[in-house]
Amino acid sequence: MSISTIDPETGLAVDLHAPDPRLLRERRERRLQLILPVAALGCAIGLWEFLVWYHEVPHYLIPAPSLIAKTLVTDGASLMQSALFTVKLTLLSLALAIIGGVSLGMVFALSRPIEMSLFPFAVILQVTPVVAIAPLILIYVSNTFAALLICAWIVAFFPILSNTAIGLRSADHNLRDMFRLYQATPWQRLRYLLIPSALPYFMAALKIAGGLALIGAVVAEFVAGTAGQNTGLASRILESSFRNEIPRMFAALFLVSVLGVIIFLATSWLSRAVLGHWHESEIKREG
Amino acid sequence: MSTLPHGATAPDLIDMRDVDKVFSNGTIALRGMSLSIKQGEFVSFLGPSGCGKSTALKMIAGLLSVSKGAITVNGHPAGQSRDGSDIGFVFQEATLMPWATVFDNVHLPLKLHGLGKAEARERVDEALAMVGLSNFATSYPRELSGGMRMRVSIARAMVTRPKLLLMDEPFAALDEMTRSKLNDEVLALWKSHGLTVIFVTHSVFESVYLSSRVVVMAARPGRVVHDIPLATDIPRTADYRMSTTYAETCKQVSTALEGTMTHVDLNH
Ligand SMILES: Nc1ncnc2c1ncn2[C@@H]1O[C@H](COP(=O)(O)OP(=O)(O)OP(=O)(O)O)[C@@H](O)[C@H]1O
Ligand SMILES: [Mg+2]
């Protein structure tokens, strides 16, 4: 027999062993957060499969999801190798963008004159479409990988630079005063005040730059039009389009999307892990 | 230099000489403010909103520059005293680091002076106990109420055991009970440690209860209009709050304060 009591609000008997309804609701909401997107995606793929089958669309126009999956398996080895190349290119360019963006951002935050002198270059670099500069870079830089790296880096670099510079300046002025009052060294001010204040800005930039690095890597490879063993997913897409292998093209495209989603999830997770306990953008609001 | 009752001279701890403050947007916050504060005084700043109390306090701490005139603290120009731990400052807003726990926020001044967490623990705990927040050491500022945040800020100012304590409306957001408890805490510290305190408040009662001297300021431009010394020989107890001396002093200070308000109206 279960112990029960009377709920003062509803006047109904309540099972004391039953879990808190609010907790249950929260758990259900979390489950929905996972189930709904997956279900929606599943439905879309199912509909795609059905429409292709129903209208007998030829596979060289729109391949069915099942055929794309099959291609992913049969061409798995070569596609995986290309994906690995793209991942390497993306992560390396993102890492260099972080190093470059953060260091230059710090210099900008420390010195207005340097910022005023160098900022135009950063802006020019940012506003000129990477497809337009890529051919030049490919001419000047003989190593193709290095050239691709530079292209992807240019795209990912700017958001990190500008957000780091803004973030380092955004520290609360009263807190700055407090650090001054206690005669903090420049290093202490940077370490304990400016960097924590800049973190939310940096994290926002990282989320953007992660996606941009992938776009940069793919675009650069398209422009380079490289072929052969050591090439990325963009080359597989180009190659498939020349040979009219549409299922393979979709398979490569699918892998590019998966990479993008993984980068997005990873940067979002990192942002929550770093800011979750204090910053408004990542705090779960009380209902 | 000012003259002590027994005829000797003691150097003033704080000396403001004909100080102006003009902000970059042209606002004249202070004009010709002169004030000397001796070691061990408890001075309250009282005055209408916007008359420059916070500005004067920040200038004494060396956080705002002087446009004209001079401020010396302990013989050095304001902000250039060698040991920053000599000054404790409670800002009008709580001004806590949102990414740090209550403990880390209070620990900060000690950390900046090279005292590690383990060495500082006792002093941080002591400061938190004083403001009644011992159980919240691991909380983050966003998890606290406004008044609790203010108390963290007070604990942080106290943790270095400063010789000069500058407080900008520290108790404005607190309930009557907590406020009166903290009033007594500040008074006890002031007595036992030979502190010098400058205390900005809007409460006439609070200023009369706490201070050895009330400085009444007027706005537009900010300046000192009354400088009222109070008797310090009467112990500040609940009885004092009931005494006629207290009531009369409050009336005197209120009248002085009302005078500054009409000043403002006449200027319009
Ligand atoms: N950074 C600033 N730039 C320009 N003007 C300022 C600045 N800070 C304060 N002021 C002006 O200086 C005057 C005095 O401000 P202050 O903050 O010292 O007033 P206060 O006496 O502390 O008022 P309150 O009791 O409301 O806190 C005000 O008129 C305000 O507008
Ligand atoms: Mg103020």
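Residues numbered from 1 in each chain as written. Chains lettered and ligands numbered in written order. Predicted model: local features only at pLDDT ≥ 70, side-chain atom pairs only at ≥ 80, totals over all residues. Heavy atoms only, no water.

1. Let's talk about the nonpolar core
For the record, the criterion: The nonpolar core is taken to be a set of buried Ala, Val, Leu, Ile, Met, Phe, Trp, Tyr and Cys residues, with the residues joined through side-chain atoms within 4.5 Å. Burial here depends on accessible area, computed with a 1.4 Å probe over protein chains only, as a share of the maximum for the residue type. Under 20% is buried, over 50% is exposed, and the range in between is partly exposed. Each helix is a run of H or I in the DSSP string that is no shorter than four residues. Each strand is a run of E no shorter than two, and both are numbered from the N terminus. The contact criterion used is simple: two residues touch if any of their non-hydrogen atoms lie within 4.5 Å.
One finds Ile14(B), Phe45(B) and Leu166(B) to be the most contacted residues of the largest nonpolar core, which totals 65 residues. Among the elements that line this core, the one with the most residues is helix 8 (residues 186-224) of chain A, at ten residues. Filtering out sequence-adjacent residues up to four positions away, Ile14(B) remains in contact with Leu35(B), Ser36(B), Ile37(B), Ile60(B), Thr72(B), Val73(B), Leu164(B) and Ile198(B). In terms of nonpolar packing, the next biggest core, distinct from the first, is built from 52 residues, Ala94(B), Val124(B), Ala155(B) and Leu187(B) among them.

2. Description of the coordination of the magnesium ion (ligand 2)
Residues and elements named next belong to chain B. Going by this rule: Donor atoms (N, O, S) are those found within 2.8 Å of the metal centre, with the cutoff raised to 3.2 Å for Na, K and Ca; water is not part of the atom list, so apparent gaps in a site can occur.
Within the first shell, the magnesium ion (ligand 2) binds the protein through Ser54 (OG) and Gln92 (OE1), at distances of 1.9 to 2.3 Å. With serine 54 in helix 1 (residues 53-60) and glutamine 92 in the loop between strand 8 (87-90) and helix 2 (102-112), this residue pair connects regions lying 38 residues apart in the sequence. Overall, the relative accessible area of 36% leaves glutamine 92 in the partly exposed class.

3. Quick look at the site of ligand 1
Residue and element names in this part refer to chain B. Note the cut-off: In these notes, residues near a molecule or strand are those with any non-hydrogen atom within 4 Å of it. For the purposes of these results, a polar contact is taken to be a pair of N or O atoms within 3.5 Å, where, inside protein, one atom must be able to donate a hydrogen and its partner to accept one; residues adjacent in sequence count only when each atom of the pair is a side-chain atom. Here the open area of atoms and residues is found with the Shrake-Rupley method and a 1.4 Å probe, where only the protein chains shown may cover a residue. All residues other than Ala, Val, Leu, Ile, Met, Phe, Trp, Tyr, Cys, Pro, Asp, Glu, Lys and Arg, Gly among them, are scored as polar; the first ten of these are nonpolar and the last four charged.
Neighbouring ligand 1 are 14 residues, the closest being Ser49, Gly50, Lys53, Ser54 and Thr55. A distance of 2.6 Å is found between an oxygen atom of ligand 1 and a side-chain nitrogen or oxygen belonging to serine 49. The contact in question runs from an oxygen atom of ligand 1 to an N or O atom on the side chain of threonine 55, over 2.5 Å. Here ligand 1 has 640 Å² of accessible area as a free molecule, and 65% of this is covered by the chains. In terms of residues, the shell around ligand 1 owes the most to one element, helix 1, which gives three residues. Its residues assigned to classes, the shell around ligand 1 shows three nonpolar, nine polar and two charged.

4. Structural notes on helix 5 (residues 176-193) of chain B
Residues and elements named next belong to chain B. What counts here: Here the expected length of a helix is defined as 1.5 Å per residue gap, with one fewer gap than residues.
Along its 18 residues, helix 5 runs 25 Å from first to last C-alpha, staying within 8% of the 26 Å computed at 1.5 Å per residue. For helix 5, the N-terminal cap is aspartate 175; the gap from its side-chain oxygen to the backbone nitrogen of methionine 177 is 3.2 Å. Immediately downstream of helix 5, the backbone of glycine 194 shows phi near 60°, a positive value.

5. Focus on the domain arrangement of chain A
The following threshold applies: Residue ranges for the domains originate in an automatic or database domain assignment.
What the domain assignment reports for chain A is domain 1 (4-47) and domain 2 (61-275). Of note, the centres of domain 1 of chain A and domain 2 of chain A, computed from C-alpha atoms alone, are 39 Å apart.

6. As for the sheet that holds strand 9 (residues 164-168) of chain B
Residues and elements named next belong to chain B. Quick note on the threshold: Pairing between strands requires that DSSP locate at least two bridges from one strand to the other. Under this scheme, a helix contributes an axis fitted over its contacting stretch, all axes are lines through C-alpha atoms, and angles between N-to-C directions fall in the 0 to 180 degree range.
One open sheet holds the six strands; their spatial order is 8-9-10-5-11-12, and the pairing between them is mixed. Since the sheet does not close on itself, it has two edges, and those belong to strand 8 and strand 12 (223-229), each with one partner. In this sheet, neighbouring strand axes are inclined to one another by 15° on average, regardless of whether the strands run parallel or antiparallel. With four bridges joining them, strand 5 (residues 42-46) and strand 11 (residues 213-218) adopt parallel strand pairing. Counterpart to serine 44 in the pairing with strand 11 is valine 214. Each of strand 5, strand 8, strand 9, strand 10 (196-200) and strand 11 is contacted by helix 1, which is oriented at about 155° to strand 9, the strand it contacts most.

7. Details of the UniProt feature "transmembrane region" (unreviewed entry) in chain A
Residues and elements named next belong to chain A. Quick reminder of the rule: UniProt positions are given in the numbering used here, feature names are shortened, and annotations may be inferred rather than shown by experiment.
According to UniProt, the positions carrying the feature "transmembrane region" (unreviewed entry) are residues 34-54, 89-111, 118-141, 147-168 and 249-270. Helix makes up 100% of residues 34-54 and strand makes up 0%, while its end C-alpha atoms are separated by 30 Å. In residues 147-168, helix accounts for 100% and strand for 0%; the two terminal C-alpha atoms are 31 Å from one another.

8. Structural notes on the sheet that holds strand 3 (residues 12-22) of chain B
Residues and elements named next belong to chain B. With respect to topology, four strands assemble into an open sheet ordered 4-3-6-7, the strand pairing being antiparallel. Looking along the sheet, the strands with just one partner apiece sit at the ends: strand 4 (28-38) and strand 7 (76-77). Against the sheet, helix 1 contacts strand 3, strand 4 and strand 6 (68-73), and its axis sits at roughly 125° relative to strand 3.

9. Points about the confidence of the model for chain B
In low-pLDDT regions, the fine details of the predicted coordinates are not to be read closely. Residues and elements named next belong to chain B. Basically, it comes down to this: As a per-residue quantity, pLDDT reports the predictor's confidence and falls between 0 and 100.
Of the residues in chain B, 91% reach a pLDDT of 70 or more, and the chain-wide mean stands at 85. The secondary structure element of chain B with the lowest average pLDDT is strand 1 (residues 2-3), at 41, and the one with the highest is helix 2, at 94. Throughout residues 1-8 the model reports pLDDT below 50, and contacts reaching past four residues in sequence, or to other chains, amount to eleven contacts. Across residues 264-268, where pLDDT falls below 50, the model places six contacts with residues more than four positions away in sequence or in other chains. Note on the complex model: pTM 0.82, ipTM 0.86.

10. Quick notes on a positive patch on the surface
Let me state the cut-off plainly: Each patch is built from salt-bridge-free residues with over 30% relative accessible area, joining like charges within 9 Å and nonpolar side chains (Val, Leu, Ile, Met, Phe, Trp, Tyr) within 5 Å. Each salt bridge in this description consists of a side-chain nitrogen of Lys or Arg and a carboxyl oxygen of Asp or Glu lying within 4 Å of one another. Positive residues here are Lys and Arg, negative ones are Asp and Glu, while His and the chain termini are left out of the count. By convention, the charge on Lys lies at NZ, on Arg at CZ, on Asp at CG and on Glu at CD.
Together, Arg22(A), Arg25(A), Arg27(A), Arg28(A) and Arg31(A) make up a positively charged patch on the protein surface. Tracing the backbone through its elements, the reader meets Arg22(A) in helix 1 (residues 21-54).

11. Looking at the pattern of salt bridges
Residues and elements named next belong to chain B. Under the defined criterion, the tally for this structure stands at 17 salt bridges over all chains. A salt bridge links arginine 213 to glutamate 41; the nearest nitrogen and oxygen atoms lie 3.0 Å apart. You can see arginine 213 sitting in strand 11 and its partner glutamate 41 sitting in the loop between strand 4 and strand 5, a full 172 residues away along the chain. Side by side, arginine 213 and glutamate 41 carry an identical accessibility label, which is buried. Across the pair lysine 117 and aspartate 104 runs a salt bridge, and its minimum N-O distance is 2.9 Å. Taken as a pair, lysine 117 in helix 3 (residues 117-130) and aspartate 104 in helix 2 lie far apart in primary sequence, 13 residues in all.

12. Description of the pairing of strand 11 of chain B
Residues and elements named next belong to chain B. In terms of burial, strand 11 is largely enclosed, as six of its six residues are buried. With burial as the criterion, each face of strand 11 is covered, one bearing Arg213, Val215 and Met217 and the other bearing Val214, Val216 and Ala218. The pairing of strand 11 with strand 12 spans six bridges and is antiparallel. Looking across to strand 12, one finds that valine 215 is bridged to aspartate 227. The turn linking strand 11 back onto strand 12 is made up of four residues, and arginine 220 within it adopts a positive phi angle of 50°.

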